Amino acid sequence: MHADIAPGEPLFVETDTPPPGAYEALLGELRRFTTGAVGAPDNHDFAVLILDPGTEVPLGGLWAQSRWGGFHIDMIVVPEALRGRGAGTRLMQAAEAEARRRECRHMWLETYSFQARPFYEKLGFRVFGQLDGPGPIYPRFFMTKILS
């Protein structure tokens, strides 16, 4: 036992290797709180996968989630061989179509300075926030597109 902790008091443990199931436990607590405060979260995942034609192993794609009228693009990965050939645009068009089907009011994403800000701007996204830090990684841009 920890000598400086009274019996029955919770332990605060810092770790860079959390045990299996810890993330799910915290998420479960967060969802319980959210449900009590504003009702059940309406989180719904969406993915478009780019699969290897022979093995059907994912090579890239897009991962997103809708929640409370917003559509968050969490990750977009275009394989090197498909860059500059419309694959990214195709992924984003599929995401926007799905966001509209789900009646989302906006889409949003985040990107770093070395990533794809100009690409997203061509698709109608605009910066609504910026987090500065050391280059060449930063700034980090938070971008949105209003869906009418």
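Coordinates for the structure precede this section.
These numbers were taken from a predicted model, which means no experiment stands behind them. (Residues numbered from 1 in each chain as written. Predicted model: local features only at pLDDT ≥ 70, side-chain atom pairs only at ≥ 80, totals over all residues. Heavy atoms only, no water.)

**Observations concerning the pattern of salt bridges**
To keep things clear, this is the line we draw: Salt bridges are counted wherever a side-chain nitrogen of Lys or Arg sits within 4 Å of a carboxyl oxygen of Asp or Glu. Counting from the N terminus, the helices are DSSP H or I runs at least four residues long and the strands are E runs at least two residues long. For each residue, the accessible area found with a 1.4 Å probe, counting protein chains only, is set against the maximum for its type, and the residue is called buried under 20%, exposed over 50%, and partly exposed in between.
The full count for this structure, using the stated rule, is 8 salt bridges. Between Arg-140 and Glu-110 there is a salt bridge whose closest N-O contact spans 1.9 Å. Highlighted residues: Arg-140 in strand β6 (residues 140–146) and Glu-110 in strand β4 (residues 106–112), separated in sequence by 30 residues. The partly exposed category is assigned to Glu-110, whose relative accessible area is 28%. Each of Glu-96, Arg-100 and Lys-145 takes part in a single network of salt bridges with overlapping partners.

**Some remarks on the nonpolar core**
Test applied: In this text, buried Ala, Val, Leu, Ile, Met, Phe, Trp, Tyr and Cys residues form a nonpolar core when linked through side-chain atoms within 4.5 Å. Here a residue-residue contact requires only that any non-hydrogen atoms of the pair lie within 4.5 Å.
Grouped together as the largest cluster of nonpolar side chains are 20 residues, with contacts concentrated most on Leu-62, Phe-71, Ile-73 and Met-107. Counting only elements with at least two residues in this core, the list comes to β1 (44–51), β2 (58–67), β3 (70–77), α2 (87–101), β4 and β6. Here Phe-71 is in contact with Phe-46, Ala-64, Gln-65, Ser-66, Ala-95, Glu-98, Ala-99, Arg-102, Cys-104, His-106, Met-107 and Trp-108, once residues within four sequence places are set aside.

**Observations concerning the packing of aromatic side chains**
What counts here: Each pair of aromatic rings taken from Phe, Tyr and Trp, with Trp reduced to its six-membered ring, is defined by centres within 6.5 Å and is described as stacked if the planes are under 30 degrees apart, edge-to-face if over 60, and tilted in the remaining cases.
Evaluation of the coordinates by the stated rule reveals 6 aromatic pairs. Summarising the aromatic geometry, the rings of Tyr-112 and Tyr-138 are spaced 5.6 Å apart at their centres and angled 85° between planes, so their arrangement reads as edge-to-face. With Tyr-112 in strand β4 and Tyr-138 in the loop between β5 (126–131) and β6, the pair connects residues that are 26 residues apart, well separated along the chain. Taking the relative accessible area as the measure of exposure, Tyr-112 reaches 21% and is therefore partly exposed. Measuring from ring centre to ring centre gives 6.4 Å for Phe-128 and Phe-142, while their planes differ by 55°; the resulting arrangement is tilted. Of this pair, Phe-128 sits in strand β5 while Phe-142 is found in strand β6, placing the two residues 14 residues apart along the sequence. Taken together through their ring pairs, the aromatic side chains of Tyr-112, Phe-114 and Tyr-138 make up a single cluster.

**A few points about the sheet that holds β6**
Test applied: The pairing criterion for strands is at least two bridges between them, as found by DSSP. For helices, the fitted line uses only the C-alpha atoms of the stretch in contact; every axis is such a line through C-alpha atoms, and the angle between N-to-C directions lies from 0 to 180 degrees.
As summarised here, the arrangement of the 6 strands in space is β1-β2-β3-β4-β6-β5, forming an open sheet in which the pairing is mixed. Two strands in the sheet have a free side with no partner beyond their single neighbour: β1 and β5. Along the sheet, successive strands turn relative to each other by an average axial angle of 20°, direction set aside. Relative to β4, β3 runs parallel, the two sharing 3 bridges. Across the sheet, residue His-72 finds its bridge partner in β4, namely Trp-108. Relative to the sheet, α2 contacts β1, β2, β3, β4 and β6, its axis offset from that of β3 by approximately 160°.

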